[in-house]
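Understanding the architecture of this molecule
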2 protein chains.
Amino acid sequence: MDTRSRLDDDPSFLLARANAVSVQAGNAALAAHGLRVRSYAVLALSAAADAPTQRELADHLRLDPSQVVALVDDLEARGLVTREPDPSDRRTRVVRITRAGRPALEAAERDLRAAESPLHDRLTPSQRAALPGILRALAFPVEP
Amino acid sequence: MDTRSRLDDDPSFLLARANAVSVQAGNAALAAHGLRVRSYAVLALSAAADAPTQRELADHLRLDPSQVVALVDDLEARGLVTREPDPSDRRTRVVRITRAGRPALEAAERDLRAAESPLHDRLTPSQRAALPGILRALAFPVEP
DNA sequence: GCATTTCGTTGAGAAAGTCAATGATTGAAT
DNA sequence: ATTCAATCATTGACTTTCTCAACGAAATGC
């Protein structure tokens, strides 16, 4: 019969396990900054030139809007982001990184990259080059 | 500044989002079989020629042993797998798929593949060929 | 104007992840 | 041989994450 499990050839299973490895390493690296991969992602997106609304954060991170509320609550309470009213649409709240949030983001980013690189070092250069394109196709199935 | 977020170039974020897409599609496809991606993975591994112990399931799926207990409890209650004693080590319990479990696994596998294929169809042939090797390197950082 | 939709928020519950402790059993070290 | 430490499955508690329904405020469509 099959001595090796078919599951080991299933991209979805491999994807899930690779993500579990990545998330665990990421959370460990971010713990020193009081962040997790989720809150880090929100903080990173809020640093964009055109700051996102909570709805845009939810869509981009594939989170429920109620999850974004909790994440922004936490970051706002720590002074890392602000909720700004949008003059053009008073329903929405724009989440923007604060002056204090920037250095926190950069420090977290450094530690995060340091934790990720040993994982990616196991890839060949061509694999490393192909990875982002592949993942983008899988992560955004219907054109963001 | 950067009009496009740096997060969109972060393989870890893309991995997380791609996994979220995959898990959601997988769970939707498996719902008709009363399974989720987790329980499906346990069922699939228990179909191997040499049935795994619960510890081996936990290691392979990167789950806490207590999670495996609950998953096997459920599958066993539904008659899809059995817990067999291992004569060579009476501490361990070997999880083996049952005669009733096999057709259930195969039916679930068909629906799961059908749900995954449209996602993978977005990849070029060379990307599709490269994906398993890349994910294996990321999913098993220290040689399974 | 009026109905419908969207946004953020609250709240509740299911699913998943994490950790400590325990009894039974094994393997190792004398 | 007998103790000692380690392993396995299990239970239980706790946190985090996911999912869904409802609601007030505001925008959009007609």
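As a starting point, this report considers the structure included with it. Keep in mind that this is a model prediction, so the values were computed, not measured.

1. Structural notes on the interface of chain B and chain A
- Listed by partner, the interface residues are 53 residues for chain B and 53 residues for chain A.
- With both chains or domains summed, chain B and chain A bury close to 5200 Å², and 61% of this area falls on carbon and sulfur atoms.
- Viewed at the interface, chain A and chain B are joined by four salt bridges.
- Taking the shortest distance from any N to any O, the salt bridge between B:Glu109 and A:Arg6 comes out at 3.5 Å.
- The interface formed by chain B and chain A includes 24 residue pairs in polar contact (both at pLDDT 80 or more).
- Looking at the side of chain B that touches chain A, the elements that each hand over two or more residues are α1 (11–30), α2 (37–45), α3 (54–61), α5 (101–120) and α6 (125–139) of chain B.
- The dominant element in the side of chain B that touches chain A, judged by the number of residues it contributes, is α1(B), at 13 residues.
- Class assignment of the residues belonging to the side of chain B that touches chain A gives a composition of 29 nonpolar, 10 polar and 14 charged.

2. Quick word on the protein's contact with DNA strand D
- Around DNA strand D sit 19 residues, and of these A:Gln67, B:Gln54, B:Arg55, B:Arg83 and B:Arg91 come closest.
- The sugar-phosphate backbone supplies 77% of the atoms of DNA strand D found within 4 Å of the protein.
- Contacts to DNA strand D include A:Arg36, whose side-chain N or O atom sits 2.9 Å from a phosphate oxygen.
- A:Arg38 has a polar side-chain atom sitting 3.0 Å from a phosphate oxygen of DNA strand D.

3. Some words on the relation of the copies chain B and chain A
- Between the two copies, chain B and chain A, the superposition gives an RMSD of 0.0 Å; the rotation angle is 180 degrees and the shift along the axis is 0.0 Å. The two molecules are tied by a two-fold rotation axis, judged by turn and shift.
- The residues that chain B uses at the interface reappear at the interface of chain A in 100% of cases, marking a shared surface.

4. Description of the side chain of B:Ser12
- With respect to the helices and strands, the residue B:Ser12 is situated in helix α1.
- One polar contact links B:Ser12 to A:Glu116, side chain to side chain, over a distance of 2.6 Å.
- Each residue touching B:Ser12, except ones within four places of it in the same chain, is listed here: A:Ser22 and A:Glu116.

5. A closer look at the pattern of salt bridges
- Per the counting criterion, the structure on display carries 18 salt bridges over all chains.
- The residue A:Asp89 makes a salt bridge to A:Arg91 at a minimum N-O spacing of 3.0 Å.
- Each of the salt bridges in this network shares a partner with another, and the network as a whole consists of A:Arg6, B:Glu109 and B:Arg113.

6. Concerning α2(B)
Residues and elements named next belong to chain B.
- The buried fraction of α2 is high, at seven of nine residues.
- Three or more residues of α2 are buried, namely Ser39, Tyr40, Ala41, Val42, Leu43, Ala44 and Leu45.
- Where the residues of α2 are buried, they touch α1, α3, α4 (65–77), β1 (81–86), β2 (89–97) and α5.

Conventions adopted
Residues numbered from 1 in each chain as written. Chains lettered and ligands numbered in written order. Predicted model: local features only at pLDDT ≥ 70, side-chain atom pairs only at ≥ 80, totals over all residues. Heavy atoms only, no water. Contact = heavy atoms within 4.5 Å. Buried area = accessible area lost by both parts, 1.4 Å probe. Salt bridge = Lys/Arg side-chain N within 4 Å of Asp/Glu carboxyl O. Polar contact = N/O pair within 3.5 Å; in protein donor to acceptor, adjacent residues only side chain to side chain. Helix = DSSP H or I, 4+ residues; strand = E, 2+ residues; numbered from the N terminus. Nonpolar A, V, L, I, M, F, W, Y, C, P; charged D, E, K, R; others polar. Near = heavy atom within 4 Å. Least-squares fit on C-alpha atoms with pLDDT ≥ 70 in both. Buried < 20%, exposed > 50% of the residue type's maximum accessible area, 1.4 Å probe, protein only.

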